[in-house]
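What follows is the residue order along each chain.
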Amino acid sequence: MLNNLTVSSGVWNKAFESNEHTYHIEVDHDFSSVEMNATTNAGGTTIEYDGESSKKVKIKDKPKTAISVIVSKDEERRTYVLVFEKDMDVEMDEEETVDDVITKEVGVGATQMSTAGKSEGDTYNNTGGQIDRKQPVGTGSFFGNIKDFFTSLIK
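In every chain, residue numbers begin from 1 and rise along the written sequence. Only residues with pLDDT of 70 or above have their local features reported here, since the model is predicted, and side-chain atom pairs are shown and tallied only from 80 upward, although totals for entire chains, interfaces and linings are computed over all residues. Excluding hydrogens and water, the side-chain figures rest on all heavy atoms present in the structure.

1. Section: unusual backbone geometry
It is generally the case that most residues other than glycine have a negative phi and that most peptide bonds are trans. Backbone geometry at Asp50 places phi at a positive 55°, although glycine is not the residue there. Numbering of helices and strands runs from the N terminus, with a helix taken as a DSSP run of H or I at least four residues long and a strand as a DSSP run of E at least two residues long. Along the chain, Asp50 falls in the loop between strand S5 (46-49) and strand S6 (56-58). Unlike most non-glycine residues, Asp74 shows phi in positive territory, near 55°. Structurally, the position occupied by Asp74 is in the loop between strand S7 (64-73) and strand S8 (76-86). The class of Asp74 is exposed, set by a relative accessible area of 72%. Remark: exposure states derive from per-residue accessible area (1.4 Å probe, protein chains only) relative to the maximum for the residue type, with buried under 20%, exposed over 50%, and partly exposed in between.

2. Quick word on the environment of Ser72
Here Ser72 lies in strand S7. Here the alpha-carbon distance between Ser72 and Thr46, two residues 26 residues apart in the chain, equals 5.2 Å.

By themselves, these figures tell us nothing about what the structure is for.
Here it is in structure tokens:
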């Protein structure tokens, strides 16, 4: 339906093609809005930029912001998604992967098994909550805190 789709700033991951519906666009970390322009030869076509008719769209202060461009005429409708990616400093918790969390869960399980049968004094050894003088797995970690929360519900 679209002949062309442009934005005022950013580097596209691929050239626009009418039959491609998802694009990633790299922008500077201080980027806050973009002007979009979609063109079509079909008369009577409605174009919405992130649900609005305004071509100027705000970009969130997050590493990724998805903006939809909806093109409709009569019963036909197409949605194009532009994912704006900012080069931002991400806190460690956001960089953790599922594998990191699984590894921590396995480590917690092994620690719990190795301390089974010990009295509280033996397990903690008065080291401020440290098990066998090691820092508890997941301490200070977002995913570790979530795991601890759900574990406390089961106990």
